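Notes for the structure review
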Amino acid sequence: MAWWYQRIWLLIRLPVAAFAAVAIAWLWLFIYPMPADRLTITTAGKDGAYYSIASDYAAFFAGHGIQLDIQTSAGSQENLDRLSGEPPVADLGLMQGGFGYLSASAEKRSRSRIETLANVNVEAVWIFSRGRNITSLNQLQGLRVAVGPELSGSRKVALRLLDQARIDPKDISLSPAAGLEAVQALRQGDLDVVFIVSARDSSVVQTMLSVPGLQLANLQKSAAIVERNPYLETSLLPQGALEARIPVRDTAMLTMLTSLVARESLHPALKRLAIAAAADTNNKGGLFHRAGEFPSLRRIDFPTAPLSRQTLTRGLLWHEDLLPFWWAQLAERVMVLVLPVVLLALWLMQRIPAYMRWALQSRVNRWYGELKFIENDLSQQELTGMDLARFLARLNRIDMAVLAFHCPKDLVARCYTLHQHIEFVRQRLYRMRGR
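What follows concerns the packing of aromatic side chains. Counting across every chain of the model gives two aromatic pairs. Aromatic pair Trp 126 and Phe 128: ring centres 6.1 Å apart, planes at 5°, arrangement stacked. By the burial criterion, Trp 126 is buried, and Phe 128 matches it. Ring geometry for Phe 325 and Trp 326: centres 5.4 Å apart, planes at 80°, overall edge-to-face. Above the plane of the ring of Tyr 32 lies Arg 333, whose end atom (NZ or CZ) is 4.4 Å from the centre. Over the ring of Phe 391 we find Arg 390; its NZ or CZ atom is 5.3 Å from the centre of that ring.

Structure, rendered in structure tokens:
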């Protein structure tokens, strides 16, 4: 131990510092890594409301030094596949209702990889027809109906409603047309009905409303439809709410919530920032909701992210609100990772040498104690020659141990004094043997 103590910087403090540096690097890279500086959000087509919302999010993220790439898709089904795939190909996504726990579908999915950050908007099921007053889904038999492409949310909702209305796919001509393509086909008479699930401010809905002669379906028994589909709600669209004469009467609309979702493994700081983007972007009023109603966690379709409610009610963490995003993340890791490890390393650098010095000093004290016992025995009893020889042997063993001891610099004085005391007792023993 004395040899180690004499090389304390090389053998103790330098390894502790190296271990602290390795521990900080390992914790920083694998346990508490920095957030990525580039994310992907999956939406729908460029002419839909999802793309517009994602564009606002991208501008918000850019203001915090993060690039948000927008991936267009066929719709919510493809968004779900991208987020839940192995590995996931998207970090964030916008989803319409009916794809999570509120879905009435018997289809089983692994939803544990997706979390709801917040509900951000209301979408409606728009059923446009040309020259027909649609009040029941049964009126669609024999018609040419556009329900959207495969993997789209509009198609899934339309097929589910048609199935519940007992309409066999053979009794209807389904078309994958969507967006402006469906608008053009309906205008030219190539389609009879178009299903669209979208918000009011999407370009497709606005274009539909501008086409003369198109009528918006007013489904009867909408409460029964909602009862069978928990993700749906009934909302009243007042007469003339869209245009001067659209709709021509108060209309019951089927609506659902739009959710901002994330893959479960996404960095918590990025989830908080996405929720902050939703709070900054989606707090305005709309056709079916008042200002301030969104973002919210009402009627969620996927498990709620643990930090969603706190972020919605309190905003970003205090240091993220006070500092720029990247400086906040750096400061957080310095406080959580670097500072505790550095303090522990400094404590070990002080305590280990202190313990070693205490152990070495205890050894010297133990020799002093043995020497004191010998002196007491010499003073308190009549000694024979054999007793003196035994004491002298004990004294020589102590002296040999002291000579073999690699004395540190700060104990040299004590070791030198001990050696002098040993020599003094040895001379006393020699004198007693010569009596």
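Pairs may arise between side chains of opposite charge once their charged atoms sit close together. Tallied over the entire structure, the rule returns 14 salt bridges. Across the pair Arg 113 and Glu 86 runs a salt bridge whose closest N-O atoms are separated by 2.9 Å. With Arg 113 in the loop between strand S3 (92-96) and strand S4 (114-130) and Glu 86 in the loop between helix H4 (76-84) and S3, this residue pair connects regions lying 27 residues apart in the sequence. Of the residues examined, Arg 113 reaches a relative accessible area of 30% and is grouped as partly exposed. Between Arg 272 and Glu 320 there is a salt bridge, and its shortest N-O distance comes to 2.7 Å. Here Arg 272, found in helix H9 (residues 268-281), pairs with Glu 320, found in helix H11 (residues 318-322); they are 48 residues apart in sequence, far enough to count as distant. Both residues of the pair, Arg 272 and Glu 320, belong to the buried class. Counted as one network, the salt bridges with shared partners bring together Arg 132, Arg 144 and Asp 192.

As a further point, take the packing of helix H3 (residues 49-62) against H9. For the pair H3 and H9, interaxial distance at closest approach is 9 Å and the crossing angle is 120°. Classified by the interaxial angle, the pair formed by H3 and H9 is oblique. Handedness of the H3/H9 crossing: right-handed. Only Leu 270, Leu 273, Ala 274, Ala 276, Ala 277, Ala 278, Asp 280 and Thr 281 of H9 make contact with H3, whose side of the interface consists of Asp 56, Tyr 57, Phe 60 and Phe 61. Looking at the contact of H3 with H9 residue by residue, the class counts come to nine nonpolar, one polar and two charged.

This part takes up the pairing of strand S1 (residues 38-42). Of all five residues making up S1, four are buried, and the element is well covered by its neighbours. The pairing of S1 with strand S2 (residues 67-71) spans five bridges and is parallel. Its bridge partner being in S2, Thr 40 is matched across the sheet by Asp 69. Handedness of the crossover joining S1 and S2 through H3: right-handed. Judged from the two bridges that link them, S1 and S3 form a sheet pairing that is parallel. Bridging from a neighbouring strand, Thr 42 pairs with Gly 93 of S3.

The next thing to look at is the environment of Gly 286. For Gly 286, the position within the fold is in the loop between H9 and helix H10 (308-314). Using a relative accessible area of 37% as the deciding quantity, one classes Gly 286 as partly exposed. As for Gly 286 and Thr 40, which are separated by 246 residues in sequence, their C-alpha atoms are 26 Å apart.

The next thing to look at is helix H5 (residues 153-164). Here H5 is twelve residues long and its end C-alpha atoms lie 17 Å apart, about the 16 Å a rise of 1.5 Å per residue gives. Burial analysis of H5 places ten of its twelve residues in the buried class, which makes it a mostly covered element. Within the sequence span of H5, burial applies to Gly 153, Ser 154, Arg 155, Lys 156, Val 157, Ala 158, Arg 160, Leu 161, Leu 162 and Gln 164. Immediately beyond the C-terminal end of H5, within one or two residues, lies Arg 166, with a positive phi of roughly 60°.

The rules we used
- Residues numbered from 1 in each chain as written.
- Predicted model: local features only at pLDDT ≥ 70, side-chain atom pairs only at ≥ 80, totals over all residues.
- Heavy atoms only, no water.
- Phe/Tyr/Trp six-rings, centres within 6.5 Å; stacked < 30°, edge-to-face > 60°.
- Buried < 20%, exposed > 50% of the residue type's maximum accessible area, 1.4 Å probe, protein only.
- Lys NZ or Arg CZ within 6 Å of the ring centre and 35° of its normal.
- Salt bridge = Lys/Arg side-chain N within 4 Å of Asp/Glu carboxyl O.
- Helix = DSSP H or I, 4+ residues; strand = E, 2+ residues; numbered from the N terminus.
- Axes fitted to C-alpha atoms, helices over the stretch in contact; angles between N-to-C directions.
- Parallel < 35°, antiparallel > 145°, perpendicular 65-115°, else oblique.
- Left-handed = near helix turned anticlockwise from the far one by under 90°.
- Contact = heavy atoms within 4.5 Å.
- Nonpolar A, V, L, I, M, F, W, Y, C, P; charged D, E, K, R; others polar.
- Pairing = 2+ DSSP bridges.
- Right-handed = clockwise from strand over helix to strand, strands pointing away.
- Expected span 1.5 Å × (residues − 1).

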